[in-house]
Amino acid sequence: MLLTRQAELFEGSRARLEAIAYRLLGSAGDAEDAVQETYLRWQAADREHIETPEAWLTKVLTNLCLNQLTSARARRETYVGQWLPEPVLAGSSMLGPADTVEQRESVSIAMLTLMERLTAKERVVYILREAFGYPHHEIADLLDVTETNCQQIYRRAKQHLSMERARIEVDEAAARRIVEEFLTAAVSGQTETLVALLTDDASIVGDGGRFIATLSRPLLGAERVARFVRIAIKSSNGTWNKLGGKPEMFAAIANGMPALVLVSEGRVVGILVLQVTVDGIAAVHGHVNPDKLAYANRQWATYAPGAPLPELW
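Here the residue numbering is sequential within each chain, running from 1 through the sequence in written order. For a predicted model such as this one, the threshold for reporting local features is a pLDDT of at least 70, and the threshold for listing and counting side-chain atom pairs is 80 or more; totals across whole chains, interfaces and linings nevertheless cover every residue. By convention in this description, side-chain values take in all heavy atoms of the structure and omit both hydrogens and water.

J.: Which residues make up the overall build of the protein, and what values go with them?
T.: Put simply, DSSP marks the helices as runs of H or I at least four residues long and the strands as runs of E at least two long, and each gets a number from the N terminus on. When its secondary structure is counted, the protein shows 13 helices and 6 strands. Each principal axis of the C-alpha distribution contributes one length, and for the protein these read about 65 × 40 × 40 Å. Burial classes: relative accessible area under 20% of the type maximum marks a residue as buried, over 50% as exposed, and values in between as partly exposed (1.4 Å probe, protein chains only). Here the protein holds 313 residues, and the buried ones make up 51% of them. When contacts within the protein are restricted to residue pairs at least 6 apart in sequence, long-range pairs at least 24 apart make up 68% of them. Counting 33 positive and 39 negative side-chain charges, the protein places the averaged centre of each group 5 Å from the other. The contact rule is simple, with two residues in contact once any of their heavy atoms fall within 4.5 Å. His is not counted here, nor are the chain ends, while Lys and Arg score as positive and Asp and Glu score as negative. Just so you know, the charge point we use is NZ for Lys, CZ for Arg, CG for Asp and CD for Glu.

J.: Any details on the UniProt feature "domain: RNA polymerase sigma factor 70 region 4 type" (unreviewed entry) in the protein? Residues and values, ideally.
T.: UniProt positions are given in the numbering used here, feature names are shortened, and annotations may be inferred rather than shown by experiment. As annotated in UniProt, the feature "domain: RNA polymerase sigma factor 70 region 4 type" (unreviewed entry) corresponds to residues 110-161 in the numbering used here. Structurally, residues 110-161 comprises 73% helix and 0% strand, and the distance from its first C-alpha atom to its last is 10 Å.

J.: Can you explain the sheet that holds strand 2 (residues 219-220)? Please cite residues and give values.
T.: At least two bridges found by DSSP between two strands are what make those strands a pair. In space, the 6 strands of this open sheet follow the order 2-1-6-5-4-3, with mixed pairing throughout. Edge positions in the open sheet fall to strand 2 and strand 3 (248-254), since each of these has one partner strand only. As defined by bridge partners, strand 4 (residues 257-264) adjoins strand 5 (residues 267-277) across 6 bridges and the pair is classed as antiparallel. Paired with Val261 across the bridge in strand 5 is Ile271. All axes are obtained by fitting lines to C-alpha atoms, using only the stretch in contact for helices, and the reported angles, taken between N-to-C directions, cover 0 to 180 degrees. Packing against the sheet, helix 9 (residues 172-186) makes contact with strand 3, strand 4, strand 5 and strand 6 (280-287), and its axis sits at approximately 130 degrees to strand 3. With respect to the sheet, helix 11 (residues 222-234) is in contact with strand 1 (198-207) and strand 2, its orientation differing from that of strand 1 by roughly 45 degrees.

J.: Which residues make up helix 9, and what values do they have?
T.: Since the α-helix packs 3.6 residues into each turn, any two residues three or four apart lie on the same face. Under the convention used throughout, the expected extent of a helix is 1.5 Å for every residue step, that is, one less than its residue count. Compared with an ideal rise of 1.5 Å per residue, which puts 15 residues at 21 Å, helix 9 spans 21 Å between its outermost C-alpha atoms and is within 8% of the ideal. In this structure, the buried residues of helix 9 make contact with helix 10 (191-195), helix 11, strand 3, strand 4, strand 5 and strand 6. Two or three places before Ala173, at the opening of helix 9, Asp171 has a side-chain oxygen 3.3 Å from that residue's backbone nitrogen. In protein, a polar contact means a hydrogen-donor-capable atom and an acceptor-capable atom, both N or O and within 3.5 Å, with residues adjacent in sequence counting only if both atoms are side-chain atoms; elsewhere, any N or O pair within 3.5 Å suffices.

J.: Explain a negative patch on the surface to me, using residue names and the numbers behind them.
T.: Patch rule: a residue counts if its relative accessible area is over 30% and it has no salt bridge; like charges are joined within 9 Å, and nonpolar side chains (Val, Leu, Ile, Met, Phe, Trp, Tyr) within 5 Å. What sets the accessible areas is the Shrake-Rupley method with a 1.4 Å probe; for residues, cover comes only from the shown protein chains. Criterion for a salt bridge: a side-chain nitrogen of Lys or Arg within 4 Å of a carboxyl oxygen of Asp or Glu. Residues Glu54, Glu138, Asp141 and Glu147 make up a contiguous surface patch of negative charge. Secondary-structure assignment places Glu54 in helix 3 (residues 53-77).

J.: Run through the environment of Arg227, naming residues and quoting values.
T.: Mapped onto the secondary structure, Arg227 falls in helix 11. Arg227 sits 75 residues away from Thr302 along the chain, and the two C-alpha atoms are 36 Å apart.

J.: Summarise the packing of helix 3 against helix 7 (residues 136-143); cite the residues concerned and give the values.
T.: Helix packing geometry: the angle between the two helix axes and the distance between the axes. Contact pair helix 3 / helix 7: the axes reach a minimum separation of 9 Å and the direction vectors enclose 60 degrees. With respect to their mutual orientation, helix 3 and helix 7 come out oblique. Both helix 3 and helix 7 take part in a crossing whose hand is right-handed. Where helix 3 approaches helix 7, its residues Ala55, Thr58, Lys59, Thr62, Asn63 and Leu66 are matched on the opposing element by Asp141, Leu142 and Leu143. Oblique is the label for every angle not falling under 35 degrees (roughly parallel), over 145 degrees (roughly antiparallel), or within 65 to 115 degrees (roughly perpendicular). Two helices that cross are described as forming a left-handed crossing if the nearer one is turned anticlockwise from the farther one by less than a right angle, and a right-handed crossing if clockwise.

J.: Can you explain the packing of aromatic side chains? Please cite residues and give values.
T.: Each aromatic ring pair is characterised by the separation of its centres together with the angle its planes make. For this analysis, a ring pair means two rings from Phe, Tyr or Trp (six-membered ring only for Trp) whose centres lie within 6.5 Å, classed as stacked if their planes differ by under 30 degrees, edge-to-face if by over 60, and tilted for the remaining angles. A full pass over the atoms with the stated rule returns 5 aromatic pairs. Between Tyr126 and Tyr154, the aromatic rings sit 6.4 Å apart at their centres with planes inclined by 25 degrees, giving stacked as the arrangement. Residue Tyr126 is located in helix 6 (residues 120-130), and its partner Tyr154 is located in helix 8 (residues 147-160); the two are separated by 28 residues in the primary sequence. With a relative accessible area of 7%, Tyr126 lands in the buried category. Assessed through its relative accessible area of 15%, Tyr154 is described here as buried.

J.: I'd like a rundown of unusual backbone geometry, residues and numbers included.
T.: Excluding glycine, a negative phi dihedral is what most residues carry, and trans is how most peptide bonds are arranged. Pro97 follows Gly96 through a cis peptide bond whose omega is -10 degrees. Position of Pro97 relative to the elements: it lies in the loop between helix 3 and helix 4 (101-105). Even without glycine at this site, Asp144 takes up a positive phi of about 60 degrees. Relative to the assigned elements, Asp144 resides in the loop between helix 7 and helix 8.

J.: So what's going on with the UniProt feature "domain: RNA polymerase sigma-70 region" (unreviewed entry) in the protein? Residues and values would help.
T.: If you check UniProt for "domain: RNA polymerase sigma-70 region" (unreviewed entry), the listed places come out as residues 10-73 in our numbering. End-to-end, the C-alpha atoms of residues 10-73 are 29 Å apart, and along that stretch the chain is 84% helix and 0% strand.

J.: Describe the pattern of salt bridges, and please don't skip the residues or the numbers.
T.: Evaluated as defined, the whole model comprises 14 salt bridges. Between Glu11 and Arg14 there is a salt bridge, with the nearest N and O atoms lying 2.9 Å from each other. With a gap of 3 residues between them, Glu11 and Arg14 both fall in helix 1 (residues 2-25), about one helical turn apart. With a closest N to O distance of 3.0 Å, Glu169 and Arg104 form a salt bridge. Of this pair, Glu169 sits in the loop between helix 8 and helix 9 while Arg104 sits in helix 4, placing them 65 residues apart in sequence. When salt bridges with common partners are traced through the structure, they connect Arg76, Glu116 and Arg123 into a single cluster.

This is the structure:
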């Protein structure tokens, strides 16, 4: 009975732990591993001497993530091509809580990418404070620093992560409309049609890892992004072959933003996330590295995407 109660207590914290770990690591798979290791340590701990289980679990998870962040930075130095955070479709507990603008923003691909600029401690402090509302004295206890030092770390993180434009909130209907508009403009053959949907400083980043060659570096500027998309569409047959044949296309929401999901024989082979702001599409993030689509594929098995988008080419 005691073991059952302890397991239930952990399960009651699992969603929060997964959400913290995903924001810290930018990887759904790594987040699941960190939470599972936290559970194993919880099972082995002398729980009679743990006064506040939530704080204990958060501290263990945070330390595990800090260690992973250190090794992840080394791995990314040798990563083939551009690195992007792993996309997560709507409905996952990893994306919660989502009650405030700050909480929703903290899981956008744009913000998770920006957070790569932070040190490991800055990332922990920012996420626990901004997305989960932890007071500084609790974060300081978790990291074994002073409260004053914690506040300084938070201020530095905020300075690094200033976002110039407010993003917009999207529901399923808005996501489909935006994705359809983007696709229609992309295949129109008129560069200016797509440029009109983009912000002047729009960017495009592709992450195919070692599996599929994508952009070697981000492209910046609406004109350059539009021209690249147009060329990519003209040569898309080669890309489809690498992805297992011409896929069906679906509109979805990933990390709170409109997303184009490419599905071949029931398997997600690519996700294009559009970072939409009040001024237009500010970034296009393309994910085709199959290692980073494993979690999305598990989601897709139970996802209700609606009808495929019309075939435009």
